[in-house]
Amino acid sequence: RILRGLRFASVLDFEIDGGTVDAIFGRQELLRGISKERVFVELSKLICGVGAERILSRFGQVLALCGDGVPAESFSRTASNIPTLPEGDAACRVACLCLDAAELTGADARALAAAYCRSLKTSAAFMRRCAALAQVSGEALPVGRSDVKRLMGRLDMTDISAYAAMRRAYFGEVSESERLLADVAALAAENPCVKVSQLALNGSDVMAVRGVRGAEVGRLLDHLLDAVITERAENTREALTRELQNI
């Protein structure tokens, strides 16, 4: 009931009266006995509510009991950035929470995010997305076609938008993030090859041309992808075969 009350206050944006606030803080330890799946359902809705900024700021001490590795101060830090983050994107907001926690504790952001999601028993897809956003948002915005294409190979369009929003919120990179989104949109219109799976040659082709096996196949595919991304080679069978022969 504690979490549900906080979730309602966030989603419906109402104030909790003083007596109830006192009861929440007085009985907060009861949260340790709730199943993590139920905790995550409530937290994911709470953190996306219109009143999330206020609830996170005031009840970080309570919410810190929900999962492992995220101290109470992280919630108040994240709260200040809530208004600039994508609406309804729970993974992005949890990633921000983990990014703040990593800064406070000195932990690796990706590892902390993955551990936090595991402690809440989120879905594997949610955990992967949250961890990826926590990691990439600590990296500088890419500049230039090649670096932007590499980013497109790591993140889909939704996650790139979330990444840009997190960079705006945490690093004040407003014009830079807008430029990134414009560059991504322009490149997306070209339908570029940004992943190994999009190459005109596959692993079997590499084995046939170079007579290699195992990890060497992956290394050569990565080389071909880099050649295509940096525009040293076209993504055609002929061009990539020549590139393989010349390595």
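Before reading further, recall that the structure is shown in the block above.
Please read these numbers as outputs of a predicted model, since none were measured by experiment.

Asker: Quick question: what am I supposed to make of the nonpolar core here?
Answerer: For soluble globular proteins, nonpolar side chains are generally found buried alongside one another. With 55 residues, the main nonpolar core has L6, L63 and Y116 as its most contacted residues. Of the residues forming this core, the biggest block, 11 residues, is contributed by helix α6 (residues 90–105). Dropping the residues within four chain positions of it, L6 is found in contact with I16, I24, L46, I55, F59, V62 and L63. If you look at the next biggest cluster of nonpolar residues, it comprises 16 residues, including L199, L224, A227 and A233.

Asker: Where do I start with a nonpolar patch on the surface in this structure?
Answerer: On the surface, F8, V11, L12 and F14 cluster together to form a nonpolar patch covering roughly 350 Å² of accessible area. Along the chain, the position of F8 falls in helix α1 (residues 2–11).

Asker: How should I be thinking about the packing of aromatic side chains in this particular structure?
Answerer: Each aromatic ring pair is characterised by the separation of its centres together with the angle its planes make. One pass over the structure, following the stated rule, counts 2 aromatic pairs. A centroid spacing of 5.4 Å and a plane angle of 15° characterise the contact between F25 and F59, whose relative ring orientation is stacked. Separated by 34 residues along the polypeptide, F25 in helix α2 (residues 18–26) and F59 in helix α4 (residues 52–63) bring together distant segments of the chain. Of the residues examined, F59 reaches a relative accessible area of 1% and is grouped as buried.

Asker: Would you take a moment to explain the packing of α6 against helix α10 (residues 157–171) for this structure?
Answerer: When two helices pack together, their arrangement is given by the angle between the helix axes and the distance between those axes. Axis separation between α6 and α10 bottoms out at 11 Å; the angle between their running directions is 40°. Classed by the angle they form, the pair α6 and α10 counts as oblique. The chirality of how α6 crosses α10 is right-handed. Facing C92, A95, C96, L99 and D100 of α6, the residues of α10 in contact are A162, M166 and Y170. Classifying every residue of the contact of α6 with α10 by side-chain character gives 7 nonpolar, no polar and 1 charged.

Asker: Can you help me understand the packing of helix α12 (residues 203–210) against helix α14 (residues 237–246) in this one?
Answerer: α14 packs onto α12 with a crossing angle of 50° between their chain directions and a minimal axis gap of 10 Å. As judged from the angle between their axes, α12 and α14 are oblique. Handedness of the α12/α14 crossing: right-handed. Residues D205, V206, V209 and R210 of α12 pack against R237, T241, L244 and Q245 of α14. Considered class by class, the residues forming the contact of α12 with α14 number 3 nonpolar, 2 polar and 3 charged.

Asker: For this particular structure, what's the right way to read the pattern of salt bridges?
Answerer: Across all of its chains, the model carries 19 salt bridges by this definition. D147 is the salt-bridge partner of R150, the closest N and O atoms lying 3.0 Å from each other. Of the two residues, R150 and D147 are both situated in helix α9 (residues 145–154); the distance of 3 residues between them amounts to about one turn of the helix. Taking relative accessible area as the criterion, R150 reaches 32% and is therefore assigned partly exposed. We classify D147 as partly exposed; its relative accessible area is 35%. Each of R145, K149, E190 and E231 takes part in one network of salt bridges that share partners.

Asker: Hey, could you run me through the layout of surface pockets in this one?
Answerer: To locate leftover empty space, one rolls a probe as large as a water molecule over the atoms. Here the largest pocket defines a volume of roughly 270 Å³. When residues of the lining of the largest pocket are traced back to their parent elements, those giving at least two are α8 (124–136), α9 and α10. Looking at the lining of the largest pocket residue by residue, the classes come out as 8 nonpolar, 3 polar and 7 charged. In this structure, the second largest pocket spans a volume of roughly 170 Å³.

Asker: Mind showing me how you'd approach unusual backbone geometry here?
Answerer: Leave glycine aside and you will find that most residues have negative phi; peptide bonds, for their part, are mostly trans. In this structure, D13 takes a positive phi of about 60° despite not being glycine. Mapped onto the fold, D13 is located in the loop between α1 and α2. Using a relative accessible area of 42% as the deciding quantity, one classes D13 as partly exposed. Of note in this structure, E231 is not a glycine but carries a positive phi near 65°. By the secondary structure assignment, E231 is in the loop between α13 (215–229) and α14.

Rules of the game
Residues numbered from 1 in each chain as written. Predicted model: local features only at pLDDT ≥ 70, side-chain atom pairs only at ≥ 80, totals over all residues. Heavy atoms only, no water. Core = buried A, V, L, I, M, F, W, Y, C linked by side-chain atoms within 4.5 Å. Buried < 20%, exposed > 50% of the residue type's maximum accessible area, 1.4 Å probe, protein only. Helix = DSSP H or I, 4+ residues; strand = E, 2+ residues; numbered from the N terminus. Contact = heavy atoms within 4.5 Å. Patch = residues over 30% accessible without salt bridge, like charges linked within 9 Å, V, L, I, M, F, W, Y side chains within 5 Å. Areas by Shrake-Rupley, 256 points an atom, 1.4 Å probe, with all protein chains shown as cover. Salt bridge = Lys/Arg side-chain N within 4 Å of Asp/Glu carboxyl O. Phe/Tyr/Trp six-rings, centres within 6.5 Å; stacked < 30°, edge-to-face > 60°. Axes fitted to C-alpha atoms, helices over the stretch in contact; angles between N-to-C directions. Parallel < 35°, antiparallel > 145°, perpendicular 65-115°, else oblique. Left-handed = near helix turned anticlockwise from the far one by under 90°. Nonpolar A, V, L, I, M, F, W, Y, C, P; charged D, E, K, R; others polar. 1 Å grid on protein atoms, 1.4 Å probe; cavity = no way out; pocket = protein on both sides within 12 Å on 5 of 7 lines; lining within 4 Å. Points joined across faces, edges and corners; volume = space filled by probe spheres on them.

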